[in-house]
Amino acid sequence: MTRPNPDFWAGKRVLLTGHTGFKGSWAAVWLAQMGARVTGLALAPDQTPALFDQAGIAGLVESHVVDLRDQAAVEALVRMRDFDLVLHMAAQPIVRTSIEDPVATFAANIMGTAHLLQALRAQPALAAVLVITSDKVYANNEQGRAFQETDALGGKDPYSASKAAAEIVTQSFARSYYEKAGVPLATARGGNVIGGGDFSRDRLVADIVRAGQAQGVTVLRHPEATRPWQHVLDCVAGYLVYLERLASDPAAPRALNFGPRPGGPEVTVGELATRATQALGAKPWRHEPDPQSLEARALGIDASLARQVLDFESRLDAPVAVDWTMDWYRAQADGGDALALMRDQISRYESL
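Residues numbered from 1 in each chain as written. Predicted model: local features only at pLDDT ≥ 70, side-chain atom pairs only at ≥ 80, totals over all residues. Heavy atoms only, no water.

## Here's the deal with the environment of Pro-291
Within the secondary structure, Pro-291 sits in the loop between strand S11 (286-287) and helix H11 (304-310). Its relative accessible area of 70% is what places Pro-291 among the exposed residues. Sequence-wise, Pro-291 and Ala-255 are 36 residues apart; in three dimensions their C-alpha atoms are separated by 34 Å. (Helix = DSSP H or I, 4+ residues; strand = E, 2+ residues; numbered from the N terminus. Buried < 20%, exposed > 50% of the residue type's maximum accessible area, 1.4 Å probe, protein only.)

Written as structure tokens, this is what we have:
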């Protein structure tokens with residue numbers, strides 16, 4: 001199976017948005033480790049603690065605190081450098097936050113994407129641009145069928161709707177400008193990601209870790225719900241392999257799903273939480289139903305096309321992804337260096 005190619009990335013000028021976030025921090029470390037020249041564009045970290053700070057990401061990349069909602073600031077930053085490749089990961093990523101503040105979510109995820117794509121049109125040497133959206137971009141009828149790239153887009157909560165809209169914005173820029181300029185512009189729809197260093201509010205693993213540290217109990221709203229779980233390294237690896245292909249093959253698809261290995265085990269929220277709490281030695285989780293919740297009960301994505309086109313699929317099934325994740329948190333809690341732990345897991349992943 002294909003994996004990110006260090007020879008391809010060495011020396012590449014990469015604009016990485018969202019580098020201060022959880023997934024963005026892992027992408028920044030991996031890209032820097034392969035020799036890419038990374039410029040980061042994002043808001044300051046909104047997590048406490050923040051993996052970006054723990055791992056010293058600012059020392060690995062050229063880091064800029066810029067709000068994507070500020071069109072002039074985005075254009076000024078993009079004018080500073082010429083880029084070969086762009087990985088757009090910056091977003092407001094939390095469903096419940098989007099329900100609390102939908103306008104801010106729409107501004108970041110829709111207009112932020114539009115501002116970036118408009119600014120990048122002036123770049124003279126772009127080889128490819130990849131916009132990260134979500135597994136939640138599909139119109140979900142709760143039937144449990146894994147969504148394919150050709151399924152209809154939709155979204156009943158503001159986060160899902162904002163990401164579906166970002167897909168449409170990206171398609172419109174591609175057809176109106178980028179394809180005419182010979183620059184592949186595509187979207188990647190990633191599954192529910194877990195991994196060491198995620199301290200976000202209302203994220204399952206982060207909530208479990210916080211509860212364990214406080215000797216508390218994790219509360220689950222929908223333990224019966226299914227999600228397309230994947231380890232952060234599987235997700236980021238898929239994005240990087242996809243960008244490599246976009247830069248070298250003009251016929252590459254313009255949208256791909258990245259999620260669990262096709263045919264792999266289906267794991268509910270409750271099953272994943274049980275494995276994670278046991279790994280941490282934490283108290284068992286408790287169920288508190290939320291009848292007002294807009295969150296989907298069943299969500300799955302079909303990553304077969306990525307396997308067919310890129311020869312790429314996830315290497316860590318959900319139980320193993322949980323083990324790797326909890327290994328990271330335990331080692332970090334015991335005094336392990338966050339960056340060293342990330343590099344160690346990247347090296348282990350590359351050897352699989």
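## Structural notes on helix H2 (residues 22-33)
Here H2 spans 17 Å end to end across twelve residues, near enough to the 16 Å set by a 1.5 Å rise per residue. Most of H2 is tucked away: nine of the twelve residues are buried. Listed as buried for H2 are Phe-22, Gly-24, Ser-25, Trp-26, Ala-27, Ala-28, Val-29, Trp-30 and Leu-31. Directly after H2, the chain includes Gly-35, whose backbone phi takes a positive value near 95 degrees. (Expected span 1.5 Å × (residues − 1).)

## Points about the nonpolar core
Grouped together as the largest cluster of nonpolar side chains are 73 residues, with contacts concentrated most on Leu-87 and Leu-130. Beyond its immediate sequence surroundings of up to four residues, Leu-130 is in contact with Val-86, Leu-87, His-88, Ala-186, Thr-187, Ala-188, Tyr-239, Tyr-242, Leu-243 and Leu-246. Core analysis: the second largest hydrophobic core is formed by 25 residues, Val-66, Phe-83, Val-131 and Tyr-178 among them. (Core = buried A, V, L, I, M, F, W, Y, C linked by side-chain atoms within 4.5 Å. Contact = heavy atoms within 4.5 Å.)

## Quick word on empty space enclosed by the protein
A complete count under the given rule lists one cavity of 30 Å³ or more for this structure. In this structure, the largest cavity occupies an estimated 30 Å³ of space. Lining the largest cavity, in full, are Asn-257, Phe-258, Gly-259, Ala-303, Ala-306, Phe-312, Glu-313 and Ser-314. Looking at the lining of the largest cavity residue by residue, the class counts come to four nonpolar, three polar and one charged. (1 Å grid on protein atoms, 1.4 Å probe; cavity = no way out; pocket = protein on both sides within 12 Å on 5 of 7 lines; lining within 4 Å. Points joined across faces, edges and corners; volume = space filled by probe spheres on them. Nonpolar A, V, L, I, M, F, W, Y, C, P; charged D, E, K, R; others polar.)

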